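# Coordinates in review
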Amino acid sequence: MIYLEWHAGRWRSALEHAAVALEMAEQTGEMQYEGMACSFTASVQADAGLIEQARATAQRGLACAEQMRDEVFGVLNLAALGAVEFALGNLDEAGRTLRELPSRLLATGHRQ
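It should be emphasised that the depicted structure is a prediction, and the values quoted were computed from it without experimental measurement.

### What to know about the side chain of Thr 41
Its place among the elements puts Thr 41 in helix H3 (residues 31–47). The residues contacting Thr 41, other than those within four sequence positions of it, are Ile 2, Ala 18, Leu 22 and Thr 57.

### Section: the environment of Arg 104
In this fold, Arg 104 is placed in helix H7 (residues 101–107). For Arg 104 and Val 75, which are 29 residues apart along the polypeptide, the C-alpha to C-alpha distance reads 7.3 Å. Those residues in contact with Arg 104 that sit more than four places away from it in its chain are Glu 71, Val 75 and Leu 78.

### Remarks on the pattern of salt bridges
Applying the stated criterion to the full structure yields seven salt bridges. Among the salt bridges present, the one from Glu 26 reaches Arg 60, with a minimum N-O distance of 3.4 Å. Residue Glu 26 is located in helix H2 (residues 11–28), and its partner Arg 60 is located in helix H4 (residues 51–68); the two are separated by 34 residues in the primary sequence. For Arg 60, a relative accessible area of 26% translates into the label partly exposed. One salt bridge connects Arg 55 with Glu 85, and the closest N-O pair in it is separated by 2.9 Å. Residue Arg 55 is found in helix H4, and its partner Glu 85 is found in helix H5 (residues 71–87); the two are separated by 30 residues along the sequence. Look at Glu 85 and you get buried, because its relative accessible area is 11%. Residues participating in the shared-partner salt-bridge network are Glu 26, Glu 34 and Arg 60.

### Section: the packing of H4 against H5
Two numbers describe how H4 lies on H5: the axes approach to 8 Å, and their chain directions differ by 160°. Judged by the inter-axis angle, H4 sits roughly antiparallel to H5. Along this stretch, H4 crosses H5, giving a crossing that reads as left-handed. On the side of H4, the interface is formed by Ile 51, Ala 54, Arg 55, Thr 57, Ala 58, Gln 59, Gly 61, Leu 62 and Ala 65, while H5 contributes Phe 73, Gly 74, Asn 77, Leu 78, Ala 80, Leu 81, Val 84, Glu 85 and Ala 87.

### Regarding the packing of H2 against H3
For the pair H2 and H3, the least separation of the axes is 9 Å and the interaxial angle reads 155°. In terms of orientation, H2 lies roughly antiparallel with respect to H3. Crossing handedness for the pair H2 and H3: left-handed. Contacts between H2 and H3 involve Trp 11, Ala 14, Leu 15, Ala 18, Ala 21, Leu 22, Met 24 and Ala 25 on the former and, on the latter, Tyr 33, Glu 34, Ala 37, Cys 38, Thr 41, Val 44, Gln 45 and Asp 47. Its residues placed into classes, the contact of H2 with H3 shows 12 nonpolar, two polar and two charged.

Cut-off values and rules
Sequence order sets the numbering: in each chain, residues are counted from 1 along the sequence as written. Given that this is a predicted model, residues contribute local features only at a pLDDT of at least 70 and side-chain atom pairs are listed and counted only at 80 or more, while totals for whole chains, interfaces and linings are drawn from all residues. Note that the side-chain values use all heavy atoms of the structure and ignore hydrogens as well as water. Note on conventions: DSSP H or I runs of at least 4 residues are helices, E runs of at least 2 residues are strands, and numbering of each starts at the N terminus. Two residues qualify as a contact provided that any one of their heavy atoms is within 4.5 Å of a heavy atom in the partner residue. In the sections that follow, a salt bridge refers to a side-chain nitrogen of Lys or Arg positioned within 4 Å of a carboxyl oxygen of Asp or Glu. Here's how the labels work: a residue is buried when its accessible area is under 20% of the maximum for its type, exposed when over 50%, partly exposed in between, all with a 1.4 Å probe on protein chains only. Only the stretch in contact is used when fitting a helix axis, every axis being a line fitted to C-alpha atoms; angles between N-to-C directions are given from 0 to 180 degrees. Oblique is the label for every angle not falling under 35 degrees (roughly parallel), over 145 degrees (roughly antiparallel), or within 65 to 115 degrees (roughly perpendicular). Crossings are assigned a handedness: left-handed for a near helix turned anticlockwise from the far helix by less than a right angle, right-handed for a clockwise turn. Gly counts as polar in this scheme, as do all residues outside two lists: the nonpolar Ala, Val, Leu, Ile, Met, Phe, Trp, Tyr, Cys and Pro, and the charged Asp, Glu, Lys and Arg.

See below:
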């Protein structure tokens, strides 16, 4: 629901769903779910201008993805970090962060 509400432009609703998802991740201790929830949440936070929250959430998700060796959610959390850098006007850093992500995602078999 986070992703759907975000793409529909209902960011408040997306953030509400994100809060529930992050709480569920904490309660269950399911690290892969946490990495996914963080990636979606951080993307919404970045677009909503919640820059420092987005950075912290994406870093949390990236740590989960790295611990699980989950390339897909690693890429998605890095994409959120790239969006944070872009929002801050750090275009060189955004480019460094984002440049290799499409090929990394394609290497996992994802085509969208």
